[in-house]
Amino acid sequence: MSNTNLSRRDLFKFSGIAAAGLAGAAALSGCASPKSASEKTADKTTSNWRNKPEAITNISETVECDLIVVGAGNGGLVGAMTAQEAGFDVIVLEKSGAIAQAREAIGTIGSRHSQGHEPDIPTLMNHAKTTQSGDVNMALYRTWAEKSGEFMDWLEDIETPAGMTFPFEYHSPADPHAYYPAICTNPVMGEFNPQGPNMGAYAHLEVLRDLFLAAGGRIDFTTPARQLVQDASGKVTGVIAQNKEKYLQYNAKHGVILCTGGYGANKDMVQELCPASLNYCTSTAATTEEGDGIRMALWAGGVLEKGAGAMVWNRSVVDDSEEVGPEKAQPLFLPASQPFLRVNVHGERFMNEDSTYPEIYAQGTRQPRGFSWQVFDGTYWEDIQRFDTGGCSRLTPAPDGSAFNADVYNCEALSKEHLDSTWMQPMLDAGILKKCNTIDELAETMFPEKEDRTTFLATIERYNSLQATGDIDYGKAAFRYSTVEEAPFYAIRTAGNFLVTINGIITDTKSRALREDGSVIEGLYVCGNDQGGFYPHNYPSEFTGINAGRSATFARIAAKDACSIA
């Protein structure tokens with residue numbers, strides 16, 4: 001086993017927080033720095049991406065194995081270890097030089113730790129259906145709900161000897177407005193500390209990688225898969241991959257599992273399929289996810305589901321230029337997901353701010369210039385504690401101790417001092433976060449036009465008055481309401497941080513890719529962000545960790561089906 005104890009420096013490196021300057025950013029799916037979109041996608045896009053290319057014939061080497069997994073991430077490593085542990089010869093192909101960043105939260109139902117805290121599954125599924133206007137594969141949700149607990153118990157069983165701990169998060173506010181189903185496990189290296197820090201919160205994929213290699217598995221890094229190999233019947237029998245200038249053909253007796261992370265870094269695919277998910281962002285976390293798995297599955301006869309969307313955090317800032325676009329590579333602001341007052345560039349309130357981060361982003365895109373201002377006062381820390389938000393927006397300890405209190409970017413314990421030094425002060429120094437002693441002064445700072453200042457001051461007056469009577473304008477719950485009355489006063493513009501795409505290839509509940517007529521493409525399995533059916537339009541972010549949980553669950557299902565593992 002390699003040393004899986006992560007230092008504070010490592011966590012800052014993984015989360016993309018700069019040692020100096022602005023506090024950096026991370027992606028929910030990978031905690032990577034928000035780099036320039038042009039930097040990430042230059043020379044990487046694939047025009048006419050739907051068109052099947054000519055077959056690669058200049059094969060330099062042929063490799064035989066039982067199972068090929070494409071992608072060493074939250075799904076791929078689980079599928080690989082499932083088969084390798086059962087005695088099968090597994091090779092993982094990974095286009096980058098390292099395994100993917102682990103997700104610190106994994107959404108499952110029915111594990112040994114969740115006993116007594118499970119959500120009502122039909123309620124959960126129907127809530128998910130509502131977030132997608134009914135356009136969702138309910139059978140996939142049911143399968144995840146039935147099978148994910150077994151996956152989590154298996155992961156705990158094999159990783160506990162390496163020092164991992166598996167705390168289960170079951171707290172949610174006792175309010176009908178707050179729906180946070182109890183599904184999240186937060187594996188950490190070493191002892192779990194509800195008060196933080198939990199510096200090993202991103203270690204479980206490193207442990208899984210070491211277990212896989214120790215069991216005889218193989219990972220070929222910097223070896224991107226290029227094409228699937230099919231026999232005359234259409235059965236997928238292998239993969240052709242590229243290592244430097246050489247092409248290798250990997251033949252797999254039991255099939256291929258695709259887990260390549262979606263298409264967030266493929267500019268052509270994003271602009272065709274879900275441009276609104278990117279165009280009003282000011283940073284992107286997409287790196288190597290260029291749609292490789294989706295395109296290969298399409299070329300093999302698979303079907304890309306209708307509709308498209310992406311996970312987008314509302315935490316990327318907008319500077320005084322008020323320009324948007326992922327190439328701006330702006331930093332993130334952690335408190336942006338808190339339910340403070342939101343106004344547009346004309347000083348108008350436009351939403352119930354007690355919303356999930358994709359909803360806040362989406363509402364902002366409908367405003368002039370595509371972003372919004374977040375406004376709060378000097379009682380922000382007291383307000384944050386009362387808000388008691390869940391998932392990755394949690395900034396204070398859960399009352400029952402089940403959710404750890406940590407900055408999700410560096411896993412340090414969160415306190416007012418930490419929030420001020422790590423997030424507030426750098427933004428103040430950069431001039432992005434505005435701080436004033438009076439509301440009138442704040443209005444002057446935010447709005448160059450007198451009419452907009454007048455509107456903003458009227459908005460503040462009405463917003464403050466509604467706390468006593470109830471929010472009859474937008475219906476925000478009382479415990480998520482906060483006035484803007486006590487100096488100093490703050491305002492910051494925020495837009496979106498593009499994370500990952502969420503629509504993909506249509507599969508059955510065994511992760512087997514399907515053709516247009518519903519028949520199975522034998523030997524081809526699609527998982528993670530390459531798999532469709534869960535949330536093609538909008539990520540249900542109340543379901544903390546569900547993307548990591550469903551990715552791993554269906555990869556384990558795929559490996560078991562491919563290799564006939566009981």
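What counts as what
- Residues numbered from 1 in each chain as written.
- Predicted model: local features only at pLDDT ≥ 70, side-chain atom pairs only at ≥ 80, totals over all residues.
- Heavy atoms only, no water.
- Axes fitted to C-alpha atoms, helices over the stretch in contact; angles between N-to-C directions.
- Helix = DSSP H or I, 4+ residues; strand = E, 2+ residues; numbered from the N terminus.
- Parallel < 35°, antiparallel > 145°, perpendicular 65-115°, else oblique.
- Left-handed = near helix turned anticlockwise from the far one by under 90°.
- Contact = heavy atoms within 4.5 Å.
- Pairing = 2+ DSSP bridges.
- Salt bridge = Lys/Arg side-chain N within 4 Å of Asp/Glu carboxyl O.
- Buried < 20%, exposed > 50% of the residue type's maximum accessible area, 1.4 Å probe, protein only.
- Nonpolar A, V, L, I, M, F, W, Y, C, P; charged D, E, K, R; others polar.
- Phe/Tyr/Trp six-rings, centres within 6.5 Å; stacked < 30°, edge-to-face > 60°.
- Lys NZ or Arg CZ within 6 Å of the ring centre and 35° of its normal.
- Domains from an automatic or database assignment.
- Buried area = accessible area lost by both parts, 1.4 Å probe.
- Polar contact = N/O pair within 3.5 Å; in protein donor to acceptor, adjacent residues only side chain to side chain.
- UniProt positions renumbered as here; feature names shortened; annotations may be inferred.
- Arc of directions from axis to C-beta.
- Core = buried A, V, L, I, M, F, W, Y, C linked by side-chain atoms within 4.5 Å.
- pLDDT = per-residue confidence, 0-100.
- Lys, Arg positive; Asp, Glu negative; His and termini not counted.

Caption draft 1: Inspection of the packing of helix H11 (residues 380-387) against helix H12 (residues 416-429) at higher detail. Their axes nearest at 11 Å, the elements H11 and H12 cross at an angle of 110°. The angle between the axes of H11 and H12 places the two elements in the roughly perpendicular class. Here the hand of the crossing between H11 and H12 comes out right-handed. Taking contact as the criterion, the partners of Tyr 380, Trp 381 and Ile 384 in H11 are, on H12, Lys 416, Leu 419, Asp 420 and Met 424.

Caption draft 2: Geometry of the sheet that holds strand E6 (residues 168-169). One open sheet accounts for three strands, arranged E4-E7-E6; its pairing is antiparallel. Among the strands making up the open sheet, the edge pair consists of strand E4 (106-107) and E6. Judged from the two bridges that link them, E6 and strand E7 (residues 184-185) form a sheet pairing that is antiparallel. In the sheet register, Glu 169 faces E7, and the bridge partner there is Cys 184.

Caption draft 3: Inspection of the pattern of salt bridges at higher detail. By the definition in use, this model includes 31 salt bridges. Across the pair Arg 493 and Glu 322 runs a salt bridge whose closest N-O atoms are separated by 3.0 Å. With Arg 493 in strand E19 (residues 489-501) and Glu 322 in the loop between strand E15 (310-317) and strand E16 (341-343), the pair connects residues that are 171 residues apart, well separated along the chain. For Arg 493, a relative accessible area of 5% gives the class buried. A salt bridge links Lys 328 to Glu 323, with the nearest nitrogen and oxygen atoms 2.8 Å apart. Judged by its relative accessible area of 26%, Lys 328 is partly exposed. By relative accessible area, which is 42% here, Glu 323 ends up partly exposed. Here the salt bridges share partners, and the residues they tie into one network are Asp 320, Glu 322, Arg 369, Lys 434 and Arg 493.

Caption draft 4: Local environment of the packing of helix H5 (residues 138-159) against helix H15 (residues 546-563). Two elements in contact, H5 and H15, have axes whose closest approach is 8 Å; the angle formed by their N-to-C orientations is 85°. Comparing their axes, H15 and H5 come out roughly perpendicular. Across from Leu 140, Tyr 141, Thr 143, Trp 144, Lys 147, Ser 148, Glu 150, Phe 151 and Trp 154 in H5, the residues of H15 making contact are Ile 546, Gly 549, Arg 550, Ala 552, Thr 553, Phe 554, Arg 556, Ile 557 and Lys 560. Split into classes, the residues belonging to the contact of H5 with H15 amount to nine nonpolar, four polar and five charged.

Caption draft 5: Structural view of the packing of aromatic side chains. Considering all chains together, one arrives at 18 aromatic pairs under this definition. On the basis of an interplanar angle of 15° and a centroid distance of 5.1 Å, the ring pair of Phe 376 and Tyr 490 is categorised as stacked. One end of the pair, Phe 376, is in strand E17 (residues 372-377); the other, Tyr 490, is in strand E19, and 114 residues separate them in sequence. Grouping residues by exposure puts Phe 376 and Tyr 490 together as buried. An aromatic cluster of three or more residues is present, and its members are Tyr 141, Trp 144, Phe 534, Tyr 535, Tyr 539 and Phe 554. Cation over ring: Arg 556 sits above Trp 154, and NZ or CZ is 4.2 Å from the ring centre.

Caption draft 6: Spotlight on the domain arrangement of the protein chain. Split by domain assignment, the protein chain resolves into domain 1 (59-309 + 502-563) and domain 2 (311-498). Here domain 1 and domain 2 have C-alpha centroids that lie 32 Å from each other. Each partner contributes residues to the interface: domain 1 has 41 residues there, and domain 2 has 45 residues. Contact with domain 2 buries area across many residues of domain 1, yet His 171, Tyr 280 and Thr 282 alone supply 21% of it, more than any other trio. At the boundary of domain 1 and domain 2, one finds zero salt bridges. Seen at the junction of domain 1 and domain 2, the total is 17 residue pairs in polar contact (both at pLDDT 80 or more). Every element with two or more residues in the side of domain 1 that touches domain 2 is listed here: E6, helix H8 (276-279) and strand E14 (281-284). Per-class residue counts for the side of domain 1 that touches domain 2 are 20 nonpolar, 17 polar and four charged.

Caption draft 7: Here's a closer look at the environment of Gly 200. Tracing the sequence through the fold places Gly 200 in the loop between strand E8 (188-189) and helix H6 (204-214). Sequence separation between Gly 200 and Asp 561 is 361 residues; the distance between their C-alpha atoms is 32 Å. Residues in contact with Gly 200, not counting those within four places in the same chain, are Pro 187, Val 188 and Met 189.

Caption draft 8: Expanded view of the UniProt feature "domain: FAD-dependent oxidoreductase 2 FAD-binding" (unreviewed entry) in the protein chain. Taken from the UniProt record, the annotation "domain: FAD-dependent oxidoreductase 2 FAD-binding" (unreviewed entry) applies to residues 66-536. Helix makes up 28% of residues 66-536 and strand 20%, and the two end C-alpha atoms of the span are 32 Å apart.

Caption draft 9: Main features of helix H10 (residues 357-365). Residues Tyr 357, Pro 358, Ile 360, Tyr 361, Gly 364 and Thr 365 constitute the buried set of H10. The buried residues of H10 occupy an angular sector of 160° when the element is viewed end-on, so they sit on one face. Here the buried face of H10 lies against H8, E14, E15, E16 and E19.

Caption draft 10: Molecular detail of the nonpolar core. Core analysis: the biggest nonpolar cluster contains 97 residues, and Leu 67, Tyr 141, Trp 144, Leu 208, Ile 257, Phe 333 and Ile 546 have the highest contact counts within it. Mapped onto the domain boundaries, this core takes at least three residues apiece from domain 1 (59-309 + 502-563) and domain 2 (311-498). Residues Ala 241, Met 296, Ala 300 and Ala 513 belong to the second largest nonpolar core, which totals 41 residues.

Caption draft 11: The arrangement of the environment of Pro 173 in detail. For Pro 173, the position within the fold is in the loop between E6 and E7. Sequence spacing of Pro 173 and Ala 145 is 28 residues, and the spatial spacing of their C-alpha atoms is 23 Å. Setting aside residues up to four positions removed in sequence, Pro 173 forms contacts with Ala 178, Tyr 180, Asp 388, Phe 479 and Arg 480.

Caption draft 12: A look at the confidence of the model for the protein chain. Averaged over every residue, the pLDDT of the protein chain is 90; the share at 70 or more is 92%. Counted against residues more than four places away or in other chains, residues 1-46, with its pLDDT under 50, gives 127 contacts.

Caption draft 13: Region of interest: the side chain of Glu 94. As for its placement among the helices and strands, Glu 94 is situated in the loop between strand E3 (90-93) and E4. No salt bridge is formed by the buried Glu 94, whose closest oppositely charged neighbour, Lys 95, lies at an N-O distance of 7.7 Å. There is a polar contact of 2.8 Å between the side chain of Glu 94 and the side chain of Ser 96. Not counting residues within four places of it along the chain, the set of residues in contact with Glu 94 comprises Gly 71, Ala 72, Ile 219, Asp 220, Phe 221, Thr 222 and Thr 223.

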